[in-house]
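Single-letter residue listing:
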There are 2 protein chains.
Amino acid sequence: MTKTPLAALLAAALFALFPAQAQQQAQEQAQSPSEIVAAAPAEEWRPVEPQNLLIVRLANGAAIHIELAPYFAPRHAQNIRTLARAGWYDGASVYRVQDNYVAQWGTGETDRPLPDGVEAVPAAEYATIMDPDMADLVAPVEQGGYAERSGYFDGWPVGLVSEEGETSAALVHCYAMVGVGRGEAPDTGSGSDLYAVIGHAPRHLDRNIALVGRVIDGIEHLSTLPRGTGPLGFYEDEAQNVPIASARLAVDMPEADRPRFEVLRTETETFRRYAEARANRSGWFVRPAGAVDVCNVLLPIRRAS
Amino acid sequence: MTKTPLAALLAAALFALFPAQAQQQAQEQAQSPSEIVAAAPAEEWRPVEPQNLLIVRLANGAAIHIELAPYFAPRHAQNIRTLARAGWYDGASVYRVQDNYVAQWGTGETDRPLPDGVEAVPAAEYATIMDPDMADLVAPVEQGGYAERSGYFDGWPVGLVSEEGETSAALVHCYAMVGVGRGEAPDTGSGSDLYAVIGHAPRHLDRNIALVGRVIDGIEHLSTLPRGTGPLGFYEDEAQNVPIASARLAVDMPEADRPRFEVLRTETETFRRYAEARANRSGWFVRPAGAVDVCNVLLPIRRAS
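So, a few notes on the structure that sits alongside this text.

The rules we used
- Residues numbered from 1 in each chain as written.
- Chains lettered and ligands numbered in written order.
- Predicted model: local features only at pLDDT ≥ 70, side-chain atom pairs only at ≥ 80, totals over all residues.
- Heavy atoms only, no water.
- Helix = DSSP H or I, 4+ residues; strand = E, 2+ residues; numbered from the N terminus.
- Expected span 1.5 Å × (residues − 1).
- Buried < 20%, exposed > 50% of the residue type's maximum accessible area, 1.4 Å probe, protein only.
- Contact = heavy atoms within 4.5 Å.
- Pairing = 2+ DSSP bridges.
- Axes fitted to C-alpha atoms, helices over the stretch in contact; angles between N-to-C directions.
- Salt bridge = Lys/Arg side-chain N within 4 Å of Asp/Glu carboxyl O.

All names here are of chain A. End to end, helix α4 (residues 74-85) covers 17 Å across 12 residues, agreeing with the expected 16 Å (1.5 Å per residue, within 8%). If you check which residues of α4 are buried, you get His76, Ala77, Asn79, Ile80, Arg81, Thr82, Leu83 and Ala84. Of the surrounding secondary structure, the elements contacted by the buried residues of α4 are β2 (53-58), β3 (63-68), β10 (177-180), β11 (193-197), β12 (211-217) and β13 (242-249). Directly beyond the C-terminal end of α4, a positive phi value near 75° is found at Gly87.

Once that is clear, we can look at the sheet that holds strand β7 (residues 149-153) of chain A. Residue and element names in this part refer to chain A. Across the sheet, 4 strands lie side by side as β6-β9-β8-β7; this open sheet has antiparallel pairing. Each of the sheet's edge strands pairs with one partner strand only, and the pair in question is β6 (128-129) and β7. Direction of pairing for β7 relative to strand β8 (residues 156-163): antiparallel, over a ladder of 5 bridges. Paired with Phe153 across the two strands is Trp156, which belongs to β8.

Residues and elements named next belong to chain B. Within the open sheet, the 3 strands sit side by side as β1-β14-β15. Their pairing is antiparallel. Both edges of this open sheet fall to β1 (45-47) and β15 (301-303), since each of them pairs with a single strand only. Ignoring strand direction, the axes of neighbouring strands in this sheet form an average angle of 30°. In the sheet, strand β14 (residues 261-264) pairs with β15 via 3 bridges, with the strands oriented antiparallel. Directly across from Val263, in β15, lies its bridge partner Ile301.

As enumerated under the stated definition, the model contains 32 salt bridges over all chains in all. Arg303 of chain A is paired through a salt bridge with Asp217 of chain A; the nearest N and O atoms lie 3.3 Å apart. With Arg303 of chain A in strand β15 (residues 301-303) and Asp217 of chain A in strand β12, this pair connects stretches of sequence that are 86 residues apart. Asp90 of chain B is the salt-bridge partner of Arg248 of chain B, the closest N and O atoms lying 3.0 Å from each other. Of this pair, Arg248 of chain B sits in strand β13 (residues 242-249) while Asp90 of chain B sits in the loop between α4 (74-85) and β4 (93-97); the two residues are 158 residues apart in sequence, bridging distant segments of the chain.

Laid out in structure tokens, this is it:
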């Protein structure tokens, strides 16, 4: 497995005081979550499609890689592709960073005309009809809030709700998920302004705003930004805004230059065992929790060669 | 109510695209969580006791205020007081910052002799016997992991577990909670090295390590630190360590110089209504969640005059 920051993060599921101890620990522990993932055959990983991979580059050179989720929010994903291609985000900035909540970026201008082809008020893509049997790994993931059950579908964290005989799946506001800022309903946000979760999952936002993807690499370039001191974490002075150089889709880059990522397929036995192991930690742990929050499963993601 | 960063954070529970809209929103919305808190009478707040208030000052001047939790971890809290008074943390550093997990500080030296009066291996204060009727506001907070119920006790987030006819309460690893680093069990950590949660609550650590308090002001000075690129988020080069100037108890300062904080009493009707409102957001929200994760209640904390 290619060593990436996120792979390191997975290995890091083990909590220990000193690295030497941690290393020894990892060796003693049979089938830790990271060992289970390391043993996954190549076919248990799916690529992040280049048309769904948005690379946001800050002016300081830092790259934030975002996977879009067109299955759940097709119109918002398409808007973001169109906005990126029109150069909308080039010269935009991160203008809001609220501790334990979100980092938000875009132009922050409500009156700036949107590029051709961008839908100003897309449908409210807050949940998707789903056959509950399609969701992977509902147990041992615990339920959360409004949701009867939580789990993963095609690599995405979802909460399942049944209403009037119909089950729907809402993407969950886990750490690093990316959503579309909006004003008052029925405004659903065009994608002109986006946010990423940088704290404990704000589940009260689920089904209230369109999640459209997640940061798969580089979230630390957002989570370490200075917190805004204005209301809701907005920077009080425009000079504090963190400028964005560009946002490009991988599919629009020459093939050789495209960053490539893979995520562990969540319909696999490996993912089931991995989540089980995350719910029932051994070794250093004295008492396993017996369950794991859907946002604490931490989907395995790696750079592909 | 004095305007503090945390009070601002509470007001910020409302998620909106632009501050002007958010303000208008807050005015239109009847009995928002922050309005409920703002109306609380003085007696519904309890002071943070000066013997439980630890002020960690980074070399860059930033102050991190920590409330200790002696009810849950009396020996670890006492160790930390003794370590602070002996100057143990002065010249120590933050040497590990793992994204979406923890920031950890201390000396990182296992062989450095502990000051007189510090217990090297205190009892494992991972849970406390508790009459379940004593915990405040068990509903509508949803359950989490191992815990049958989660709620608050005297301002602290707890998970309740019944085993062999006995109920115990474990502090919960919510954002900003502070714990005591340890090596292999039966080591429980002396308090020489501490960590704070800077991401989604790692509930698998509950009952496996001693939580001993929480950051009540200044968590952003830890959450914005550069992430370590070594295994488990350790800084690879000692030069990256973030130096700590001092750690002092408020009780050891002249009265006039002591910082003062208050937390909303969780046994009050105000807190119950506040949590209800956090679970059932209105106004901007299209669909209330109907429940709130114990770590998303966000205990109201304010600076006292």
